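If you want the building blocks of each chain, they are given just below.
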Amino acid sequence: SQLRGENDDKIDVSARNRAERILLDEEAENPSPEVFHSLGRLHLSKKEFDEAAKQLEKARRLAPQSPEILSDAGTAYLEKSKTLPESEKKIELQSQALESFDKALEQNPRFLPALFNRAYCLQLLNLPNQAKEAWQKYLEFDSASKWAEEARANLQSLEEENNAEISAERLEEMFSAFIAEQNE
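(A) A look at a nonpolar patch on the surface. The grouping of Phe175, Phe178 and Ile179 at the surface amounts to a nonpolar patch, some 300 Å² of accessible area in total. As for its position among the elements, Phe175 is in helix α8 (residues 146–183).

(B) How the structure looks around the pattern of salt bridges. This model, assessed by the stated rule, comprises ten salt bridges. Of the charged contacts, one joins Glu79 and Lys82 as a salt bridge, the two residues approaching to 3.6 Å between their closest N and O atoms. Taken as a pair, Glu79 and Lys82 lie in helix α4 (residues 67–82) at a separation of three residues, close to a single helical turn. Looking at Glu79, the relative accessible area reads 6%, which means it is buried. The exposure class assigned to Lys82 is partly exposed, which follows from its relative accessible area of 31%.

About the thresholds
- Residues numbered from 1 in each chain as written.
- Predicted model: local features only at pLDDT ≥ 70, side-chain atom pairs only at ≥ 80, totals over all residues.
- Heavy atoms only, no water.
- Patch = residues over 30% accessible without salt bridge, like charges linked within 9 Å, V, L, I, M, F, W, Y side chains within 5 Å.
- Areas by Shrake-Rupley, 256 points an atom, 1.4 Å probe, with all protein chains shown as cover.
- Salt bridge = Lys/Arg side-chain N within 4 Å of Asp/Glu carboxyl O.
- Helix = DSSP H or I, 4+ residues; strand = E, 2+ residues; numbered from the N terminus.
- Buried < 20%, exposed > 50% of the residue type's maximum accessible area, 1.4 Å probe, protein only.

Laid out in structure tokens, this is it:
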């Protein structure tokens with residue numbers, strides 16, 4: 001699954017390299033939240049998640065109220081977590097991501113990338129009820145884009161998992177009743 005706000009694979013590498021040189025010059029001459037944010041996004045596009053997080057943290061310190069920066073920082077943490085095996089560090093990064101998405105939504109409750117990525121993060125954290133609510137909330141604001149299609153697919157997947165769990169529980173109840181009946 002792709003995060004909302006994440007670049008697709010159709011990247012002009014030479015243009016990205018030019019942009020990186022320009023941004024690095026700008027960082028040296030005129031460091032600003034916009035420059036750090038752009039560098040963070042550039043590193044996200046290169047799948048350099050640690051460096052992306054560093055740049056986005058610099059931007060966040062200078063512009064702590066920016067939903068775009070907060071959301072992109074969350075994306076960096078979440079993407080980094082996806083590269084790790086199941087571990088405490090993975091959960092810690094996912095929790096950091098969730099916190100960043102929540103802070104972005106405090107600044108702008110309708111910020112679609114944060115709404116989408118928050119729902120996805122909750123799903124990765126294996127919080128299905130919260131994830132379902134988050135996907136539904138996302139769909140309240142975006143019902144027609146390709147991201148809405150993915151949100152609906154994720155929501156349907158969670159519903160099917162829930163139905164399978166209910167069926168397994170029901171089967172266990174029936175089996176227990178059958179055993180109890182046999183023992184009478």
